[in-house]
Amino acid sequence: MSLTARGNERVAVVVDPTPGSAAGAAVVGVGLAQCLALDDLPRLVAQVEAEQAPRWTWWSAAHDARPLVAARVSLARCWDIAEAHRLAAGGWQASPPLAWATARGLEPEGLPQPAAGDLFDFGAADAETAAPDAVVRADGYLRPEAGSPAWPMDSARLLAWAQAALECAAGQEDRLAGADPRALATAHSESAAALLCVELERDGLPVDRGTAERLIRESSGPRPTSEGHAREVRAQRDAQVLRHVPGRESTDLRNPLQVRELLASVGVVVPNTRKWVLAPFRDTHAVVDALLEWRKAERIATTYGYGWLAAHVGSDDRLRGAWTACDGAAGRMTAQNGLHNLPATLRPAITAHAGHVFVRADLGQIEPRVLAAVSGDRAFAAATRADDLYAPVATALGVERPIAKVAVLAAMYGQRSGAAGEALKGLERAYPTAMAYLDRAYAAGVRRAPLRTFGGRAIPLDQVLTQDSGGSPTGEPTRGGPHHGGPTSALHGGPISAGHESERHDREGADSAARSAARDAARGRFARNAVIQGAAAELFKAWAATVRATTRELGAQIVLCLHDELLVHVPEDSAEQTRERLLTALDDSARRWTGSTEVRFVADASIIQRWSDAKA
DNA sequence: GATTTCACGTA
DNA sequence: CGTACGTGAAATCC
């Protein structure tokens with residue numbers, strides 16, 4: 001490898017990980033081995049970027065790149081050790097010691113635990129370490145207390161921390177490239193996505209505060225001026241429902257049990273009060289419709305109301321939340337503070353700022369097109385050449401388009417209800433390669449066999465949490481677990497007990513076999529879905545990374561990533577050019593990702609003022 | 001106080 | 001037509 005070849009050299013940037021202390025940062029690579037204050041970091045990095053354009057390497061962008069992003073230093077190529085580890089190993093856990101051990105081929109089971117704080121632990125850890133300042137222990141594992149106050153960083157330690165990052169990344173690269181050449185490209189785009197996530201959090205989503213306030217007011221009432229007023233507004237809202245049930249005005253609408261009783265009293269007997277259970281009773285009694293409308297308003301009031309506006313929309317009228325480049329399951333991006341689940345009614349409030357517009361683009365029929373690509377089904381690939389993929393599929397099956405669409409979706413996601421029967425058989429005949437790909441994923445899920453997406457991401461099947469899935473018609477969550485604490489919860493939370501649940505069910509005898517079968521099937525559906533959803537996420541991130549790189553000079557900012565949709569905030573004058581580059585970026589990233597042009601990907605891209613302007 | 005359940009928004 | 005995620009309120013556990 002030539003030392004002068006741009007983009008081929010690694011340079012590690014690490015920021016002191018120790019909470020509370022700040023030894024600054026270290027930069028190691030291309031002949032540099034330097035510790036410096038955080039304030040001096042951006043200038044050095046910008047200079048090296050201009051001269052060498054190396055592959056910036058860090059334990060995680062969220063920590064190490066944050067000061068660079070804050071200083072608006074823009075970097076082209078990076079390697080995110082945490083993301084590369086998630087790709088290689090699956091799941092969410094990606095601490096430096098774990099990533100290091102995996103990159104070195106060491107058993108994760110042997111990971112040394114950080115000292116609990118007592119003297120014996122401290123002594124034991126020390127005994128394993130070659131030298132007091134060494135980051136790597138004699139047994140090859142990373143020192144577990146690195147990054148904790150038990151091992152405060154100084155210049156020497158920080159340099160060793162950076163050197164370890166370089167070695168870890170090199171190990172990851174070797175392993176990924178050896179396992180699957182495509183995984184290397186995926187690691188690059190996942191790393192770029194992780195850096196983009198830090199930029200997304202910095203830039204925020206432009207909001208028209210006045211419109212947001214108006215929409216909130218129209219839905220859930222005026223901004224409360226006092227505790228008493230707030231109660232009054234709430235009571236007003238509740239009264240719209242309770243007026244339909246005289247004598248039961250004391251019902252707490254926020255209590256599902258009480259709501260169930262209330263409904264029973266008017267003859268609506270339901271197992272729960274979820275929306276899709278109540279919907280059929282809308283005409284049975286006026287209270288049902290009123291309740292469902294109340295729920296919408298209550299959602300806005302509690303989750304997306306004035307408090308939300310105050311907490312998450314800055315004085316610069318930008319909505320901000322934390323982003324992650326991949327969840328712990330299939331690898332989608334996640335976002336907090338409503339960025340990913342803003343109710344459609346509030347979308348008119350997402351408005352480009354003065355002198356700017358949005359370029360919005362979304363991938364059309366992304367999942368079936370991805371299926372064509374990842375399965376290598378030539379016939380199905382041929383169908384992707386149509387703007388509407390379902391049209392040629394319908395022709396091939398000899399059915400109407402809506403039937404063809406339902407059949408394809410049923411095949412990809414696995415239906416539990418309804419009937420796409422005959423059309424599904426037609427799919428098996430017309431596209432056996434694609435269908436076999438889905439069947440293999442399902443089977444691997446059931447058997448807990450190793451499974452990877454097209455881009456090389458390991459799909460975690462050993463820790464998938466599924467509650468019994470035998471019940472409700474649609475939308476019922478099949479995964480439990482706590483849900484506070486971001487993507488570190490549930491699935492990603494580490495060694496989730498696979499055992500105790502089955503023990504609990506053993507007492508139920510014959511029931512336990514049924515539960516076990518239901519869990520197997522749920523895992524199969526998860527796996528079948530994950531190879532599609534995960535691959536789509538990989539393509540999407542490759543696209544987003546390319547857009548980021550190719551539109552930056554136009555003053556464009558990616559402000560929202562929504563699974564198959566990009567929202568780019570750009571000066572008016574650059575809008576059309578940005579739009580064209582979005583489409584070019586899709587062609588380029590799809591060609592690189594699939595390795596051919598067999599499968600066509602399409603995007604709808606428009607220039608708009610408000611997010612809500614686009615949805616056709 | 002922490003965890004679980006219910007509910008619902010987005011793709 | 002399934003999977004995934006984030007959020008809040010109330011219930012429940014400890």
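These numbers were taken from a predicted model, which means no experiment stands behind them. (Residues numbered from 1 in each chain as written. Chains lettered and ligands numbered in written order. Predicted model: local features only at pLDDT ≥ 70, side-chain atom pairs only at ≥ 80, totals over all residues. Heavy atoms only, no water.)

Describing the layout of surface pockets
We apply this condition: Cavity means a closed set of points on a 1 Å grid over the protein atoms alone, one where a 1.4 Å probe fits but cannot get out, pocket means an open set with protein on both sides within 12 Å along at least 5 of 7 lines, and lining means a residue has an atom within 4 Å of a point. Grid points are joined across faces, edges and corners, and a volume is the space filled by probe spheres set on the points. Where helices and strands are cited, they refer to DSSP runs of H or I of at least four residues and of E of at least two residues respectively, numbered from the N terminus. We call Asp, Glu, Lys and Arg charged. Ala, Val, Leu, Ile, Met, Phe, Trp, Tyr, Cys and Pro are nonpolar, and the rest, Gly among them, are polar. How far each domain reaches was decided by an automatic or database domain assignment.
Here the second largest pocket defines a volume of roughly 1100 Å³. Lining the second largest pocket are 40 residues, and of these Leu-292, Trp-294, Arg-295, Lys-296 and Arg-299 sit closest to its centre. Mapped onto the lining of the second largest pocket, the elements with two or more residues apiece are α8 (209–220), α9 (227–242), α10 (256–265), α11 (275–278) and α12 (286–302). The element best represented in the lining of the second largest pocket is α12, accounting for 11 residues. Each residue belonging to the lining of the second largest pocket can be placed in one class, and the counts come to 17 nonpolar, 12 polar and 11 charged. Viewed by domain, the lining of the second largest pocket spans two of them, domain 2 (209–310) and domain 3 (321–365 + 539–613), each represented by three or more residues.

A short note on empty space enclosed by the protein
Left-over empty space is what a probe sized like a water molecule reveals as it rolls over the atoms. Under the criterion given, the structure shown has 1 cavity of 30 Å³ or more. What the largest cavity holds in volume is close to 40 Å³. Along the walls of the largest cavity sit Val-207, Ala-212, Ile-216, Trp-308, Leu-342, Leu-346, Ala-349 and Ile-350, which together make up its complete lining. For the lining of the largest cavity, the class distribution of residues is 8 nonpolar, no polar and no charged. A domain split of the lining of the largest cavity shows at least three residues from each of domain 2 (209–310) and domain 3 (321–365 + 539–613).

Remarks on the side chain of Arg-10
Condition: N or O atoms closer than or at 3.5 Å make up a polar contact, with two conditions inside protein: a donor-capable atom paired with an acceptor-capable one, and, for residues adjacent in sequence, both atoms drawn from side chains.
Inspection of the secondary structure puts Arg-10 in strand β1 (residues 10–15). Among the polar contacts made by the side chain of Arg-10, one reaches the side chain of Thr-57 at a distance of 3.1 Å. Here the side chain of Arg-10 touches Glu-173 through a polar contact of 2.5 Å, side chain to side chain.

A few points about helix α2 (residues 61–70)
Going by this rule: Accessible area is worked out with a 1.4 Å probe on protein chains only. A residue is then buried under 20% of its type maximum, exposed over 50%, and partly exposed in between. Contacts: residue pairs with any heavy atoms within 4.5 Å of one another.
Residues of α2 that are buried include every one of Ala-61, Asp-64, Ala-65, Pro-67, Leu-68 and Val-69, and no others. Close packing links the buried residues of α2 with β1, α1 (41–52), β4 (55–58), β5 (77–80) and α7 (181–203). Immediately downstream of α2, the backbone of Arg-72 shows phi near 60°, a positive value.

Things to note about the sheet that holds strand β12 (residues 565–571)
Filter applied, for reference: Pairing between strands is defined by DSSP: at least two bridges between them are needed. Only the contacting stretch of a helix is used when fitting its axis, a line to C-alpha atoms as for every element, and angles between N-to-C directions run 0 to 180 degrees.
The strand order β11-β12-β10-β13 describes an open sheet built from 4 strands, whose pairing is antiparallel. The open sheet is flanked by β11 (557–561) and β13 (602–608), the only strands paired with a single partner. Averaged over all neighbouring strand pairs, the angle between strand axes comes to 20°, with direction disregarded. Where β11 lies against β12, 4 bridges are found, and the strand directions are antiparallel. Across the sheet, Ile-558 pairs through a bridge with Val-568, a residue of β12. Sitting on the sheet, helix α22 (residues 575–594) is in contact with β10 (356–364), β12 and β13, with an inclination near 165° to β13.

That is the geometry; function is a separate question.
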